Amino acid sequence: MLLTGKRTFIIGCGCTAFIKPRGQRTTEDMGLEAATKALLDAGITYDHVETAYVGHCYGDSTSGQRALYNLGMTGIPITNVNNNCATGGTALYQANNCVKSGLVECALALGFERMAPGSLGTTFPDRPSPLALFYSKTYALEQGMKTGTNFGPGAPRMFSNAGQEYCEKYGADITHFAKIASKNHAHSVNNPYSQFRNGWTVQQVLDSQKITNQLTKYMCSPTSDGAACCVVASEAFVRAHKLENQAIEIVALGLETDDPTSFESNSAMEVVGYSMTKRCADKVFAAAGFAPGKGRNEVGVLELHDCFAANELLMYPALGLCAPDAAHKMVDNGDNTYGGKYVVNPSGGLEAKGHPLGATGIGMHFYITRAGPMQAQGLFNTPDKRGKYGLVHNIGIGGAAVVSLLRRPEFYNPGGVDGRSRLGYNHGSECRRITLADVDKVKSKKSSPFVLAHAKL
């Protein structure tokens, strides 16, 4: 069961550009940028924030405090979160629960990452990886596949095997992975925050460097540096601060971990979290009031965890968007892009926009709520003025799956001053760095000039 309680809303969000991991920016400075934008968007200061959750996988302990101390040292609880690639979504899940439970009226979720170039590796080589059993299971399952022993780094190899299993079961092939990747790269051309805006064609995707038997370079998400932030508040807070013109409701948000199926089913698809995602999605749609298997037709736009193109394919049926054997048909029919049934990853997805682990899940919510030119058309061309739902899916091996349903509330009231006015531009369609004047507008009365003097804007 998901936590029940107060209604919760995203009232502000912000994002940095996702960039190649070259050590050009620190996590505290990227975190300051994302959080400042989110607070400006919401029209509040850091003094209104009662608790914060900060996600990162490659930062030292208390990196969250270091980033947020730029905005103030108010004594609030700041909790650092690490949940592999689902870290950002997990931080938002915790912040949302604090508001939903009535513990606080306003919470902040921040995520950032400063990564190393190349494939992901272990941070602690002196001990067994917590992913070791997942790797050993998927490697063993290769022997029962038509393609035999695979090659490549651990993460792409794992998802590649899952994709191969789907292909053998249902008749898909590598061209479906290429179509998904090309679709995402085409979407990213309109994303000013995206790490890559090349718009690779299907053939260019197929011709790029082989990473595994099934995946090429352009089917894989890159490592990235970046940050994202969302501010979550109660309905009372929304109304008190007159944010009815921009609040987006978190109708339901869930987090699920593995069950024995991941290892005992002898399925490479299960190793990468197929049923974990399915269980999480089913619970989220149930919490939103839908009968089993229902509600997917009311979704218009999704940010889906396409760490590899194969995973996007697998997650279509896992999320209930199509029948288990119909994911590749959804690709062939164009039902994953503009003009089709759903718009999946209008941001360009992880494959194109980048994948700074701690920021990814929060950044997905930024794209759904403040999507600018990336947004799906016709979301509000419905009899219900709330429009269609936005869905977010964020997953990490090891494992954790986060799924959320977002929607404009029934009390939405357009007009007046909103985040665009306060930032001075539409940050859904334009990416700018912040200034010290921006920070001054949102910092706490209990801020430290000594700390802020070290910020590099």
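Residues numbered from 1 in each chain as written. Predicted model: local features only at pLDDT ≥ 70, side-chain atom pairs only at ≥ 80, totals over all residues. Heavy atoms only, no water.

Asks: What exactly am I supposed to notice about the overall build of the protein chain here?
Replies: Secondary structure summary: the protein chain contains 18 helices and 10 strands in total. Relative to the 2.2 N^0.38 estimate, which gives 23 Å for 457 residues, the radius of gyration of the protein chain is 21 Å and therefore close to what a compact globule would have. Here the C-alpha coordinates of the protein chain stretch approximately 65 × 55 × 40 Å along the principal axes. Out of the 457 residues belonging to the protein chain, those deemed buried represent 60%. Carbon and sulfur atoms form 53% of the exposed surface of the protein chain, whose accessible area is close to 16900 Å². Averaging the positions of the 44 positive and the 39 negative side-chain charges in the protein chain gives two centres separated by 4 Å. (Helix = DSSP H or I, 4+ residues; strand = E, 2+ residues; numbered from the N terminus. Rg over C-alpha atoms; globule rule 2.2 N^0.38 Å. Buried < 20%, exposed > 50% of the residue type's maximum accessible area, 1.4 Å probe, protein only. Areas by Shrake-Rupley, 256 points an atom, 1.4 Å probe, with all protein chains shown as cover. Lys, Arg positive; Asp, Glu negative; His and termini not counted. Charge placed at Lys NZ, Arg CZ, Asp CG, Glu CD.)

Asks: Please explain helix 6 (residues 174-188) as it appears in this structure.
Replies: Here helix 6 spans 21 Å end to end across 15 residues, near enough to the 21 Å set by a 1.5 Å rise per residue. Counting buried positions over the 15 residues of helix 6 gives 11, a clear majority of the element. Against the buried residues of helix 6 lie helix 5 (154-170), helix 7 (202-207), helix 12 (309-318), helix 13 (327-332), strand 8 (343-344) and helix 14 (349-353). (Expected span 1.5 Å × (residues − 1). Contact = heavy atoms within 4.5 Å.)

Asks: Explain the packing of aromatic side chains to me, please; I cannot follow it from the model alone.
Replies: One pair of aromatic rings is described through two measures. These are the centre distance and the angle between the planes. Applying the stated rule across the entire model yields 11 aromatic pairs. Measuring from centroid to centroid gives 4.8 Å for Phe-134 and Phe-263, while their planes differ by 50°, and the two rings are tilted. Of this pair, Phe-134 sits in helix 4 (residues 132-141) while Phe-263 sits in helix 9 (residues 261-264), and the two are 129 residues apart along the sequence. Exposure remark for Phe-263: the relative accessible area of 25% places this residue in the partly exposed category. Each ring, one from Tyr-166 and one from Tyr-170, has its centre 4.8 Å from the other, and the planes form 55°; the classification is tilted. In this pair, Tyr-166 and Tyr-170 both sit in helix 5, 4 residues apart, roughly one turn of the helix. Residue Tyr-166 is classed as buried on the basis of its relative accessible area, which comes to 0%. Take Tyr-170: its relative accessible area is 29%, and that puts it in the partly exposed class. Here a set of aromatic residues connected by ring pairs shows up, and it is made of Tyr-193, Phe-366 and Tyr-367. Against the face of Tyr-389 rests Arg-407, its NZ or CZ located 4.4 Å from the ring centre. Over the aromatic face of Phe-380 sits the side chain of Arg-408, whose NZ or CZ is 3.7 Å from the ring centroid. (Phe/Tyr/Trp six-rings, centres within 6.5 Å; stacked < 30°, edge-to-face > 60°. Lys NZ or Arg CZ within 6 Å of the ring centre and 35° of its normal.)

Asks: For this particular structure, what's the right way to read the sheet that holds strand 2 (residues 51-55)?
Replies: Paired through backbone hydrogen bonds, the strands of a sheet run either parallel or antiparallel to each other. Spatially, 3-2-4-5-1-6-10-9-7-8 is the arrangement adopted by the 10 strands of the open sheet, whose pairing is mixed. Here the strands that pair on one side only, and so sit at the sheet edges, are strand 3 (78-81) and strand 8. As defined by bridge partners, strand 7 (residues 299-303) adjoins strand 9 (residues 389-396) across 4 bridges and the pair is classed as parallel. When the bridges of strand 9 are listed, Val-301 appears paired with Gly-390. Here helix 1 (residues 27-42) sits on the sheet in contact with strand 1 (8-15), strand 4 (106-113) and strand 5 (226-234), set at roughly 130° to strand 1. (Pairing = 2+ DSSP bridges. Axes fitted to C-alpha atoms, helices over the stretch in contact; angles between N-to-C directions.)

Asks: Can you walk me through the packing of helix 6 against helix 12 in this structure?
Replies: Two numbers describe a pair of packed helices, the interaxial angle and the distance between the axes. As a packed pair, helix 6 and helix 12 sit with axes 8 Å apart at the nearest point and diverge in direction by 100°. One way to sum up the angle between helix 6 and helix 12 is to call them roughly perpendicular. Seen from helix 6, the contacting residues are Phe-177, Ile-180, Ala-181, Lys-183 and Asn-184; seen from helix 12, they are Ala-309, Ala-310, Glu-312, Leu-313 and Tyr-316. Taken together, the residues that form the contact of helix 6 with helix 12 break down as 7 nonpolar, 1 polar and 2 charged. (Parallel < 35°, antiparallel > 145°, perpendicular 65-115°, else oblique. Nonpolar A, V, L, I, M, F, W, Y, C, P; charged D, E, K, R; others polar.)

Asks: Mind showing me how you'd approach the packing of helix 3 (residues 87-100) against helix 15 (residues 357-369) here?
Replies: One way to put it is that helix 3 packs onto helix 15 with a least axis distance of 5 Å and a crossing angle of 60°. As the angle between them shows, helix 3 and helix 15 are arranged oblique. Contacts between helix 3 and helix 15 involve Thr-87, Gly-88, Gly-89, Ala-91 and Leu-92 on the former and, on the latter, Leu-357, Gly-358, Gly-361, Ile-362 and His-365.

Asks: Any chance you could explain unusual backbone geometry here in plain terms?
Replies: Peptide bonds are, in most cases, trans, and in most cases residues other than glycine have a negative phi. For the bond from Gly-398 to Gly-399, the omega torsion is 0°, close enough to zero to count as cis. With respect to the helices and strands, Gly-399 occurs in the loop between strand 9 and strand 10 (400-407). A positive phi is found at Asn-266, a non-glycine position, where the angle reads about 55°. Of note, Asn-266 is situated in the loop between helix 9 and helix 10 (268-271). Located in the positive-phi region is Asn-345, a residue other than glycine, with phi close to 60°. By secondary structure assignment, the location of Asn-345 is in the loop between strand 8 and helix 14.

Asks: Quick question: what am I supposed to make of the nonpolar core here?
Replies: Where a protein is soluble and globular, its nonpolar side chains tend to be buried together. Formed by 96 residues in total, the largest nonpolar core has its most connected members in Tyr-316 and Leu-319. Residue contributions to this core peak at 7 residues, all from helix 12. Setting aside chain neighbours within four positions, we find Leu-319 in contact with Thr-277, Ala-281, Phe-285, Arg-296, Leu-302, Leu-304, Leu-391, His-393 and Val-403. If you look at the next biggest cluster of nonpolar residues, it comprises 40 residues, including Cys-229, Phe-411, Ile-434 and Leu-452. (Core = buried A, V, L, I, M, F, W, Y, C linked by side-chain atoms within 4.5 Å.)

Asks: Whenever I open this one, the pattern of salt bridges confuses me. Can you help?
Replies: Pairs can form between side chains of opposite charge once their charged atoms are near each other. In this structure the tally under the stated criterion is 26 salt bridges. The closest approach of N and O atoms between Glu-33 and Arg-433, which form a salt bridge, is 3.6 Å. Of this pair, Glu-33 sits in helix 1 while Arg-433 is found in the loop between helix 16 (419-423) and helix 17 (436-442), placing the two residues 400 residues apart along the sequence. Close ionic contact of Glu-256 with Arg-279 constitutes a salt bridge, the shortest N to O distance being 2.9 Å. Taken together, the residues span a long stretch of sequence, with Glu-256 in strand 6 (residues 248-256) and Arg-279 in helix 11 (residues 274-287) at a distance of 23 residues. One network of salt bridges, with partners in common, ties together Arg-7, Glu-235, Arg-239, Glu-249 and Glu-410. (Salt bridge = Lys/Arg side-chain N within 4 Å of Asp/Glu carboxyl O.)

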